[in-house]
Every structure is written in C-alpha cells, then in structure tokens.
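So you can see what is in the structure, the chains are spelled out below.
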Amino acid sequence: MSLAAGAVALAAVTGFAAFNAPGDDGPAEAKAAVRLPVERSSLLCPSPGGSDLAETAYVSFTPAGGTGGAGDEPGAAELVPSVPAAADEETDEKDGKKKDAKKKEAAGKPAVAVEEAGKPAVAETSDSDAPALIGTATGRLAPGWTAQQTTVSAAGGARGLLGVGCTAPDTDFWFPGASTAEGRQDYVHLTNPDDEAAVADIELYGPEGALASDVGDGITVPARSSVPVLVSTLTAEVADDVTLHVTTRSGRVGAAVKVAEERAGSDWLAASTEPARSLVLPGIPADATSVRLVAFAPGEDDADVDVRLMGKNTTFTPAGHDSLHIKSQMTASVDLKDVTRGEPGSLLLTQPKGGTPVVAALRVVRGTGDKQEIAYIPATEPVGARASVADNRAKSSVLSLTAPGASAKVKVTASAGSKGGEQTVKTYTVKGGTTLEVVPEAPAGLKGAYALTVETESGGPVHAARTLTVTEGGIKMFTVQTLPDDRGTVEVPTAVQDLSVLDD
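The rules behind the values
Residues numbered from 1 in each chain as written. Predicted model: local features only at pLDDT ≥ 70, side-chain atom pairs only at ≥ 80, totals over all residues. Heavy atoms only, no water. Pairing = 2+ DSSP bridges. Helix = DSSP H or I, 4+ residues; strand = E, 2+ residues; numbered from the N terminus. Axes fitted to C-alpha atoms, helices over the stretch in contact; angles between N-to-C directions. Salt bridge = Lys/Arg side-chain N within 4 Å of Asp/Glu carboxyl O. Buried < 20%, exposed > 50% of the residue type's maximum accessible area, 1.4 Å probe, protein only. Disulfide = S-S within 2.5 Å.

Undergrad: I keep staring at the sheet that holds strand β5 (residues 112-114) and nothing clicks. Help me out?
TA: Through backbone hydrogen bonds, the strands of a sheet pair up, either in parallel or in antiparallel fashion. With respect to topology, four strands assemble into an open sheet ordered β2-β7-β4-β5, the strand pairing being antiparallel. Each end of this open sheet is capped by a strand with a single partner; those strands are β2 (40-45) and β5. Across the sheet, the mean angle from the axis of one strand to that of its neighbour is 15°, orientation sign disregarded. Inspection of the sheet shows strand β4 (residues 77-81) paired to β5 by three bridges, in the antiparallel sense. Along β5, the bridge assignment pairs E78 with A113.

What follows is the structure, encoded as structure tokens:
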C-alpha cells in the first residue's frame, strides 16, 4: 500500500489526516476535504438481566447503498458475548457443568451477525443471565451499522418493554433522570470492549449538589467484560432525581442505566447528548399522561432555559412552565404533567446567547394506576445526513420527526424484513417548529423485524425518535429510542502532493 493510500485509510477510521511533502517542516496545504465511509464501527449492548420470564431480541442492521472504505471488501458486522467479569461457581442443574466455562466458550462465537446490507439480522434469548454483547463492523458493513436490544418482561417488578440502542464506546456519559429513591432500582451497566481493563468513575448530583460517595471512584471493568452497578449503593443520600456522570480514567466503556420502578414498569435510560446551550428531546407520545423534565448544568454558572413544546402545528409554551432555572452542579426537575394534551410533541430547551451548556432527559408515562408504563427520552443530536433504528415491527412502530428551525425534507426508508419483504421509501416535509408523527409504511411482504432509516434531503436540522409499543396484559408497554447521526462517513482532507512515488 502506498503512503497516500495508507493515510486515506487511516483517515477513514479516525476522521483526520495531515499530509507532509518530503522535506517540509509542516503539513502541506490541503485541498477541499472529501467525505469517505468509515472502515470500522464498534457497538456495545448491555446485559438484559431481569426476570426468567423475559424475552430479549437483538436486531443488527447496516443500511443499503454504503461503500465501505475498504473498497470491495464485504466486511463483517458481528455482536459477540462478553466474557464473565468474575468466576461463576454455580453449576448447571442439567449437566453439572460450570456456567462460567459455558460463558467463556460462548464469548468467542457471534450472537448475531449481519449477512448483507439492507437486511436486519435477528437473535433472541430468554436467558435472564445473558451477557453483554461486544460488536465490531468492518468494510462495507461498517458505515451506518446499528443495533437495538429489546426486552419484553410481562410480569414481576421489572415488567415492561425495555429498549436501548447499542452504543459506541466512549469516555464520558451524562444521565439526567436516574434516582436513588425508595422504590427505584437503577443499575448503570459498564461494558469494556478492549483487551485491557478500564477504570471508571461515577459521580452523582442531586437537587442540592454532589451526593457523597466513597465507592464511585476507580471501578474496574475487566477486559471485554461488563459490570452492573446499583446506583443506590454508591451513596447513602436519597434523591428522586439524580444526574449520573460516568467518566473513565483509563480505557473506554459503553454505559446505559437500567431503571426499574415499582408500580410503573421499567426501561433503559440512554445518555444525553453532550452538554449544549440548546437541546431537543423528540418523540413525546400523544397519549402521555405524565412528562417529567430533568436537567443539569455541569459548568460553573447557573442556567436559565426557555421551555417550549413543538407540537403538531406550532411551537408554544407549556402553561405555567415557560422556563427552568438550573443551578450550577445541581439537578433541576419539573413535572410538565400531560403537556402534549392529546397531540404528539417534542421539547425544545433554549437559552439566550452566552448561556451555559446543559444536559437533559424526560421521564414519560403512559397509562394510569396498575396499567401505567414508563420510558425515557434523552436530549439528542440531529439526524444529520442519516440515522437508523433497527428493531421495528408491523403496526408497532411510530416515528417522530421534529424541525426546531427551518422546515426540512426527509427520506424515510423501511428496510426489507429479517425474514422477507422488500423495502419501501417515502418522503416527508417537516414544518419548522413542529413535530410530525408518522406511522411508517411497512415493507411490502414483511416477515420479521425491519429497520427504519431517516435521511435529511434539504432544509434545516431534523431530530427524530421511534416509539415501539407492545401490549401485554392490557398494558401498552412502550420504549422510545432517539436517532442521532450514524456518522457513517468522515471528512478527510485531500493530499496536495501524490506520494505514490514512495511505494515500496
């Protein structure tokens, strides 16, 4: 491989490249940058845990039409089980073999693998002790690769529909909306994809500031393993609304918070987008009976945010809740009740110029009494060029599209089904300052699960979320996943000088 070709390949993975002419002291002036597909993607799915009656589905998907940076290489997209973080001395009652040995053997075999772009791959398990999954995609299957983990738990204290998009490893996560209150069991799951141990720190912030913790620092996550941490064990202080901050001092992890709430159900709380002065929280269902906003200002200054609801036809201020004051390093919350009043909506948080960055999430309730169910919507970045959500089912999915600024035009593709069917494509216009709720047109001849891909064609930024609903025992169990930009391409500067003369 020539040096020039090698540099371009590196740039397609890292997103940056600089080129030096021989003998120059600094980089040569680059021509206009080009966008190239990524060559490698990583995703982490937490351990589903929970009841023996639960069923978990993993759906993995790469959009069709991509051309991976590896040229003609087809590549692979596989999720494999993590290894046990500690020895498991329990014995399987049926054959007397150690469970730990079985888990280590399974860790080397793919749990679910995409065979072709444009068609989801599905795997299912009813194992309440199923491990976290560690995934890698390469070649043509890397750009836009996504995976969704969905668990149906029909009974018990953790009943509910729990959904989470498998996330890329990182070093910094914010989770406004966690809790140490009685009646809540919040577990933060930390998954390490690498061959060396990672060390993570967890900080907790309540309404009065940081919560005292002697055990949140220096949590070791062994190589290619996952560690669940019960949030309430990190502090003796009790708070209904807590912002949880996960960072790593070495290595990187995937992080997600599993919430189980007595009498209200359970779901996953995904991380908020990074702190920003303006945030969008899309996809509040029209029939939401309660919406609670939780926000946090991590900087040294307080934040005063304007609260607006982008509804079906316009943007308006929720009655009595036009703004929220967030003190520095303190978690603020407000009960917006049934803010959508029978129409779909998305929340917009803005600040005057010079405001301080914040993070935020919504706790959303549908139903009442014994038939209520919860889900969480974190603040999310725009769809950008393209974003996908993997696990959709016939007559069970609703797509929410919102344009906080100028109107926009988007293309929505429903992929082929995992067991058959042909993709369908529709185009929608989202009026600025509104939320458009779409029941996707299912693929023709659909069999199995399908994926939804949203692409911005023109206009302003669009934020999106998908609500999946499954009815069990008369309860409309639901989960909401946002669709951030899949970052399937990266910007790469073009070399000024052809270095192919340096080929070996």
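Undergrad: Looking at this structure, I do not really get the sheet that holds strand β3 (residues 55-61). What am I missing?
TA: Pairing is antiparallel in the open sheet, where four strands are placed in the order β6-β3-β8-β9. The strands lining the two open edges of the sheet, one partner per strand, are β6 (121-125) and β9 (160-165). When strand polarity is set aside, the average angle formed by the axes of neighbouring strands in this sheet is 15°. Where β3 and β6 come together, five bridges link them in antiparallel fashion. Bridge pairing links T56 to T125 in β6.

Undergrad: How should the pattern of salt bridges be read in this particular structure?
TA: Any two side chains of opposite charge can pair, so long as their charged atoms come close to each other. Counted by the stated rule, this structure contains 14 salt bridges. The closest approach of N and O atoms between R263 and E262, which form a salt bridge, is 3.6 Å. Notably, a salt bridge pairs K476 with D287, separated by 3.2 Å at the nearest N-O pair. Placement of K476 in strand β37 (residues 475-482) and of D287 in the loop between β19 (279-284) and β20 (288-296) is noted, with a sequence separation of 189 residues between them. Residue D287 is classed as partly exposed on the basis of its relative accessible area, which comes to 34%. Linked by salt bridges that have partners in common, R184, D186, E261 and R363 make up one network.

Undergrad: Please clarify how the state of the cysteines should be interpreted in this entry.
TA: One way to say it: the disulfide is the covalent bond shared by the sulfur atoms of two cysteines. Scanning all chains against the criterion turns up one disulfide. Disulfide pairing is shown between C45 and C166; the S-S distance is 2.0 Å. On the sign convention where negative is left-handed, the bridge of C45 and C166, at about 105° about the S-S bond, is right-handed. Here C45 is found in strand β2, whereas its partner C166 is found in the loop between β9 and β10 (172-178), with 121 residues between them in sequence. Accessibility classification places C45 together with C166 in one group, the buried group.

Undergrad: In this structure, what is going on with the pairing of strand β16 (residues 242-250)? I would like to understand it.
TA: Note on strand geometry: in a regular strand, side chains alternate between the two faces of the sheet. Where β10 and β16 come together, six bridges link them in antiparallel fashion. Following the sheet pairing, F173 is matched in β16 by V246. Relative to β16, strand β12 (residues 198-206) is paired through seven bridges, and the arrangement is antiparallel. When the bridges of β16 are listed, V199 appears paired with S250.

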